Amino acid sequence: MPLQEIYYITEMIVGVAVIISIVFVAIELRQNTYLMRATMADQRKQNVNWFFERLVTDAEFRNFHRRIDAEWNEFDEDDRDRAIFLGIRTIRPTLDELVAHFDGQISPEEYRSLEWKMRLDASRPHNQKAYELIKTSYPRKIQNHYESIEPLDSEIIRR
C-alpha cells in the first residue's frame, strides 16, 4: 500500500474522530445544562421550604415575619438589622437566578416563577433595604431589570 493511500485513510479516520468528539461534547454540554437547571430548581425549592418550615414551626419567627410589614417604621435597630439580613438571605438567591436567566440557563417557564418571586421580594420593606445593600455586587443589567419589576400589591400579600 503506497504512503499516499495510508495518508488518505488516516485523514478519513481523523475526520470521523473529530465528528465523534464534537457529538460527545454536545451531549456533555446538554447534560451539564440540564443538571444546572435541576440544581437551581432544587435550591429554589430548598429556600422556599426552609422559609415555610420556619414559618410553620417557629412562632417567634412567624410573629417577627408578620411584624416586618405591619411595624417596619417602628422597628428598633436590632429588629431592622435582623429583618434586613433575612432579606439578604431571601433576595440573593433570587438575583443569582436572574443572572442565570440572562445567561440563558433558565427556561421561560422557570422565569415565570422567578418573576413572581421577584415581585413578592420587591414588595417587602426589608427586602428593599437588603437589595440596596447588595445590588452593587450584581451587573448593571441585573439591577436595571430587578428595579423595573413591579411589586405585588400589598393587599395580596396580607391575605
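Residues numbered from 1 in each chain as written. Predicted model: local features only at pLDDT ≥ 70, side-chain atom pairs only at ≥ 80, totals over all residues. Heavy atoms only, no water.

Peer 1: Describe the overall build of the protein chain, naming the residues involved and giving the relevant values.
Peer 2: For the protein chain, the helix and strand inventory stands at seven helices and zero strands. In sequence order, the protein chain lays out its α and β elements as α-α-α-α-α-α-α. Relative to the 2.2 N^0.38 estimate, which gives 15 Å for 159 residues, the radius of gyration of the protein chain is 24 Å and therefore markedly larger than a compact globule would have. Oriented by its inertia axes, the alpha-carbon framework of the protein chain measures out at about 90 × 35 × 25 Å. Considering the protein chain as a whole, with its 159 residues, one finds that 28% of them fall into the buried category. When contacts within the protein chain are restricted to residue pairs at least 6 apart in sequence, long-range pairs at least 24 apart make up 66% of them. Summed over its atoms, the accessible surface of the protein chain is roughly 11,000 Å², and 58% of this surface lies on carbon and sulfur atoms. (Helix = DSSP H or I, 4+ residues; strand = E, 2+ residues; numbered from the N terminus. Rg over C-alpha atoms; globule rule 2.2 N^0.38 Å. Buried < 20%, exposed > 50% of the residue type's maximum accessible area, 1.4 Å probe, protein only. Contact = heavy atoms within 4.5 Å. Areas by Shrake-Rupley, 256 points an atom, 1.4 Å probe, with all protein chains shown as cover.)

Peer 1: A description of the confidence of the model for the protein chain should follow, citing residues and the corresponding values.
Peer 2: Across the protein chain, pLDDT averages 88, with 96% of residues at or above 70. Averaged over each element, pLDDT in the protein chain is lowest for helix 7 (residues 154–158) (55) and highest for helix 6 (residues 140–148) (96). (pLDDT = per-residue confidence, 0-100.)

Peer 1: Quick rundown of the packing of helix 3 (residues 77–102) against helix 6? Include the residues and the values.
Peer 2: Interhelical geometry of helix 3 versus helix 6 gives an angle of 115° and a closest axis separation of 10 Å. By the angle between their directions, the pair helix 3 and helix 6 is classed as roughly perpendicular. Both helix 3 and helix 6 take part in a crossing whose hand is right-handed. Across the interface between the two elements, I91, L95, L98, V99 and F102 of helix 3 pack against K141, I142, H145 and Y146 of helix 6. (Axes fitted to C-alpha atoms, helices over the stretch in contact; angles between N-to-C directions. Parallel < 35°, antiparallel > 145°, perpendicular 65-115°, else oblique. Left-handed = near helix turned anticlockwise from the far one by under 90°.)

Peer 1: Can you break down the environment of R44 residue by residue, with the values?
Peer 2: Looking at the element boundaries, R44 is found in helix 1 (residues 3–57). Owing to a relative accessible area of 21%, R44 belongs among the partly exposed residues under this scheme. Along the primary structure R44 and R119 are separated by 75 residues, whereas in three dimensions their C-alpha atoms are 15 Å apart. Excluding residues that lie within four positions of it along the chain, R44 makes contacts with E97, E110 and S113.

Peer 1: Can you explain helix 1? Please cite residues and give values.
Peer 2: With 55 residues, helix 1 extends 79 Å from end C-alpha to end C-alpha; this agrees with the ideal 81 Å at 1.5 Å per step. Regarding helix 1, the residues found buried are M40, A41, F51 and L55. (Expected span 1.5 Å × (residues − 1).)

Peer 1: Describe a nonpolar patch on the surface, and please don't skip the residues or the numbers.
Peer 2: A surface patch of nonpolar side chains, amounting to about 540 Å² of accessible area, comprises M1, I6, I9, M12 and I13. Taking relative accessible area as the criterion, I13 reaches 56% and is therefore assigned exposed. (Patch = residues over 30% accessible without salt bridge, like charges linked within 9 Å, V, L, I, M, F, W, Y side chains within 5 Å. Salt bridge = Lys/Arg side-chain N within 4 Å of Asp/Glu carboxyl O.)

Peer 1: Which residues make up the environment of V48, and what are the values?
Peer 2: Its location among the elements puts V48 in helix 1. For V48, a relative accessible area of 29% puts it in the partly exposed group. A sequence separation of 42 residues divides V48 from T90, and the C-alpha atoms of the two residues are 9.0 Å apart.

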